[in-house]
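Here are the chains, one letter per residue:
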2 protein chains.
Amino acid sequence: MFQSAAKTLSVATTTAATLTRGTSFSIRRYCQKTPATLRVSEAVSGAKLGANVKVQGWVRSVRPQKANLFLHVNDGSSLQSLQVVASSELDDPLLTLGSAVEVTGTLRKSPRQRQPFELEADRIHVVGDCDPVDFPFKIKERHSLEYIRQFPHLRCRTNAFSSLLRIRSEATTAVHSYFKENGFVQIHTPVITSNDCEGAGELFQVEPSSPNNEEGEKFFSVPAFLTVSGQLHLEVMSGAFSRVYTFGPTFRAENSQSRRHLAEFYMVEAEVSFTQSLEDLTKVMEDMFRSATEHVLAHCAEDVDLFHKHVTPGHRDTVDAMLKNRFPVLTYSEAIDILNQSSQKFAFPTDWGCDLQTEHEKHLVKHCGNIPVFVTDYPYDLKPFYARDNLDHPEHTAAAVDLLVPGVGELCGGSLREERLDLLKARLGEAGLEDTYSWYLDLRRFGSVPHGGFGMGFERFLQCILGVDNIKDVIAFPRFSHSCPL
Amino acid sequence: MFQSAAKTLSVATTTAATLTRGTSFSIRRYCQKTPATLRVSEAVSGAKLGANVKVQGWVRSVRPQKANLFLHVNDGSSLQSLQVVASSELDDPLLTLGSAVEVTGTLRKSPRQRQPFELEADRIHVVGDCDPVDFPFKIKERHSLEYIRQFPHLRCRTNAFSSLLRIRSEATTAVHSYFKENGFVQIHTPVITSNDCEGAGELFQVEPSSPNNEEGEKFFSVPAFLTVSGQLHLEVMSGAFSRVYTFGPTFRAENSQSRRHLAEFYMVEAEVSFTQSLEDLTKVMEDMFRSATEHVLAHCAEDVDLFHKHVTPGHRDTVDAMLKNRFPVLTYSEAIDILNQSSQKFAFPTDWGCDLQTEHEKHLVKHCGNIPVFVTDYPYDLKPFYARDNLDHPEHTAAAVDLLVPGVGELCGGSLREERLDLLKARLGEAGLEDTYSWYLDLRRFGSVPHGGFGMGFERFLQCILGVDNIKDVIAFPRFSHSCPL
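Described in the following lines is the structure provided in the data block. Remember, it's a predicted structure, so these values are computed and weren't measured experimentally. (Residues numbered from 1 in each chain as written. Chains lettered and ligands numbered in written order. Predicted model: local features only at pLDDT ≥ 70, side-chain atom pairs only at ≥ 80, totals over all residues. Heavy atoms only, no water.)

Here's the deal with the packing of helix α5 (residues 159-181) of chain B against helix α14 (residues 458-466) of chain B
Residue and element names in this part refer to chain B.
No. 1: Contact pair α5 / α14: the axes reach a minimum separation of 11 Å and the direction vectors enclose 115°. Remark: the crossing between α5 and α14 carries right-handed chirality. Between α5 and α14, the contacting residues are Leu164, Ile167, Arg168, Ala171, Thr172 and Val175 on the first element and Phe458, Glu459, Phe461, Leu462 and Leu466 on the second.
No. 2: The residue inventory of the contact of α5 with α14, partitioned by class, reads 8 nonpolar, 1 polar and 2 charged. (Axes fitted to C-alpha atoms, helices over the stretch in contact; angles between N-to-C directions. Helix = DSSP H or I, 4+ residues; strand = E, 2+ residues; numbered from the N terminus. Left-handed = near helix turned anticlockwise from the far one by under 90°. Contact = heavy atoms within 4.5 Å. Nonpolar A, V, L, I, M, F, W, Y, C, P; charged D, E, K, R; others polar.)

What follows is the structure, given as structure tokens:
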């Protein structure tokens, strides 16, 4: 029986194009039992040409014509949707934008220009309907990123945001690949921590929603926070692994709804042991940036094009320029000179010793030809306790480095870490933190090595390569002050 | 000058073996300027044989003999340390277990049996010393996992825990590779969420440590929690992508210090659209388990061997048996029959309708030959609101599935999701949750499709393949009640 069905199928496959809809019905019944299920990405590239196949997805457009019905069906596997051509008899009022369908038919070369392959449908089944009045996206309308942001549970159904999510997924792969290929061990640094890495406020505290039995007792016995950086935990690992990295969520309780801030965002952080100078870090930062960017451009060409053509026209040139040139290196002191010699009026002071603000960073990037630029050796007093003292009195700088990029400003921040026990102890002592960080001092007591690392804001990286202005548009579920839907 | 130094180097390289330490000094000075830095993993596999090289790492053993000094140096790039052979003249009292060193010399074939290559040192520089009295690990002692767990900032410096961390890193890669190769898009589901996926208590709540200006006002306007699962957010994506997954930290405020529980642990979760039956899920679960396990066994053979030989002897046979057989499938009802027919006395009841406890799960695994086993179609009332109703009165089960594995019990849990708007609405209505989950109901209003997914506890996966009994020993920084150091 199976044999005979298979034979019939093979007849159907080879003759489908010449059969009329009416006469092929009995043969199609056999076909429907066995069609291979294809993903849209496979179908649009012509896999199983001529075969009876099934494709499942969501309707992105419907064009009824006199004799035929044209649909575009997408299942998230690619930006391109599959064109489905069906007899008007198969039309159904439930075929609307957003409805879920299962289409069986024959995949064939398209006589139309815009896509090389299309599915000639012999059956269209509406799996789940979608009321076009209530559905917030409308057929043939191009919705702005700002508009779709209002629908956090539905915006993945638009072309732009599904492209963004594929790019983000691929960029994640790219980051992991870079570190793996370069011998870094991935560490899952903890989200919940009892230390406050930057010594800053703006921490989220964590306690059970229903308190423990014992009155007033903390779940972890000590105050516990959401991590602002995995650096100190990576430094633990730097005493046994000469190359480690972490890639995960970090948190700031910043009371801001600006287009630059999120309460939860992703950081890529790396730590390298046996460093000799900041160059050991800038090399990794630049290599990772190039490698990840090139990977994304190569593996998500269509999706990136959507942004570069329709969302942020002209940005591709900026990206190409970034990749063409080596990143220049300025010291902080040189940067201050450049700012002071500029004709631009800045809102914030540019005296030696002042921190660089976004306006300064953007100016420095422009000054260097709108490409990424490293700024090194910041004033010692601007940097946290762990930054390595350059011992360069009277200027007194720390071996810290930022990578500034077009459109974004600071993309990465890093430093050599103070590996000398006496210096570190003195600085922690001044701040009254010697006991709190006794475990961190231990790392210098036992086999301390010169080391350093950096962190890169992953959302900022995506903004930088796509040209997207608002950080909320490059993350699946943005969390910020007064906003945590779902 | 550079030319001439290079020439001298090439002489030094070819004649180093025949030169005595005394006479080669002036040549060595040139060599020291240019030796290639090798990682230990490269050196132990004989890269740059015969060349003058530099290796940096931490001392894992010191054996001074009459004429020679033997060191083992490790930098975390492999379990194997590099054997360093030096003249006794190069001995230094600071060369102790845990001290950091930089060794230059010539890499050559070893006359000794235990390793094929060794480094003949002509210079050993102690970069960072390590007081052998204060350092908690002692030379030639094998420390138990329990002992090293007391030193969360130092335990990565032991062989066992550095192996674990390499395995964990590689297993992470394996999971990502599996999903990538199978067309899944990775989604960063949020850590901070306003929904309580399982409807359970045991949530951590999140608020800024220094409150906002406005008295009593919440940062996010609504109560915000640490996620217990990314499932509902993945389901959002299942309306646009037919295959998605997430891999990240999840949280339970469980007041337990048992060897089975953590407050922060990692979950791998996947969601598949257009499912036809539970088989669409069990296939992915089984494939992922096999693929990730085989990847780890192939890419971390030495590290896994350390566990299978020294930590959990005999466990390799269990792992091999798991991979040899297809995983059997039992319905919950069949499982209950097996438990009731067993001669074993259970602490918990085994009546139809009772949840399976760890003792039951372990019995079922044994019953099936100590291999992973799926249990499907649990009583409807045991499962959360999103589980798909099998509509099989009078038994009344839900299309849910657990994967039980040797030693661990439940490794994965999953279900088809209720995609039918009317059924879902009724169930949420009964629980008074219709408003809270109106966004979730929207997913069924607009292009709903049959779909399902599962989650796998990543630490449990590592325990399962390594045979490690305590979950705290398979995560870098375990967090549990009353414990959050660092």
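Re the side chain of B:Thr293
All names here are of chain B.
No. 1: Assignment of secondary structure puts Thr293 in helix α7 (residues 279-299).
No. 2: Among the residues examined, Thr293 registers a relative accessible area of 1% and is labelled buried.
No. 3: Once residues lying within four places of it in the same chain are set aside, the contact partners of Thr293 are Val319, Leu323, Phe461 and Ile465. (Buried < 20%, exposed > 50% of the residue type's maximum accessible area, 1.4 Å probe, protein only.)

Observations concerning the side chain of B:Thr172
No. 1: If you trace the backbone, B:Thr172 turns up in helix α5.
No. 2: Look at B:Thr172 and you get buried, because its relative accessible area is 1%.

Describing the interface of chain B and chain A
No. 1: The interface is formed by 104 residues belonging to chain B together with 104 residues belonging to chain A.
No. 2: When the two sides are added together, the surface that chain B and chain A hide from each other amounts to roughly 8400 Å², 62% of it contributed by carbon and sulfur.
No. 3: Linking chain B with chain A are 2 salt bridges, by the criterion used here.
No. 4: Across the pair B:Lys180 and A:Glu170 runs a salt bridge whose closest N-O atoms are separated by 3.0 Å.
No. 5: For the interface between chain B and chain A, the tally reads 42 residue pairs in polar contact (both at pLDDT 80 or more).
No. 6: Here the side of chain B that touches chain A gets 10 residues from one element, more than from any other, and that element is α5(B). (Buried area = accessible area lost by both parts, 1.4 Å probe. Salt bridge = Lys/Arg side-chain N within 4 Å of Asp/Glu carboxyl O. Polar contact = N/O pair within 3.5 Å; in protein donor to acceptor, adjacent residues only side chain to side chain.)

Considering the relation of the copies chain B and chain A
No. 1: Once turned by 180° and shifted 0.0 Å along the axis, chain B lies on chain A with an RMSD of 0.0 Å. Here the transformation between the copies is reduced to the relation of a two-fold axis. For chain B, the residue whose C-alpha comes nearest the rotation axis is B:Val206, separated from it by 2.5 Å.
No. 2: The share of interface residues of chain B whose copies in chain A are also at the interface is 100%, consistent with both copies meeting through the same surface. (Least-squares fit on C-alpha atoms with pLDDT ≥ 70 in both.)

A look at the sheet that holds strand β7 (residues 185-186) of chain B
All names here are of chain B.
No. 1: The mixed open sheet is built from 8 strands, whose spatial order is β7-β11-β12-β17-β16-β15-β14-β13. Pairing within the sheet leaves two strands with one partner each, and these edge strands are β7 and β13 (329-331).
No. 2: Pairing analysis gives 6 bridges linking strand β15 (residues 397-405) to strand β16 (residues 409-417), with the strands arranged antiparallel. Paired with Leu403 across the bridge in β16 is Cys412.
No. 3: Those strands touched by α5 are β7, β11 (243-251) and β12 (264-273), and its axis lies near 150° from that of β11. (Pairing = 2+ DSSP bridges.)

Things to note about the pairing of strand β5 (residues 100-109) of chain A
Residues and elements named next belong to chain A.
No. 1: For β5, a buried count of 8 out of 10 residues is recorded, marking the element as mostly surrounded by other parts of the structure.
No. 2: Relative to β5, strand β2 (residues 52-64) runs antiparallel, the two being bridged by 7 bridges. Residue pairing in the sheet places Val55 in a bridge with Val103 of β5.
No. 3: Two strands pair when backbone bridges link them, and β5 and strand β6 (residues 117-128) are joined in this way by 10 bridges, in the antiparallel orientation. The partner of Thr106 across the bridge, within β6, is Glu120.

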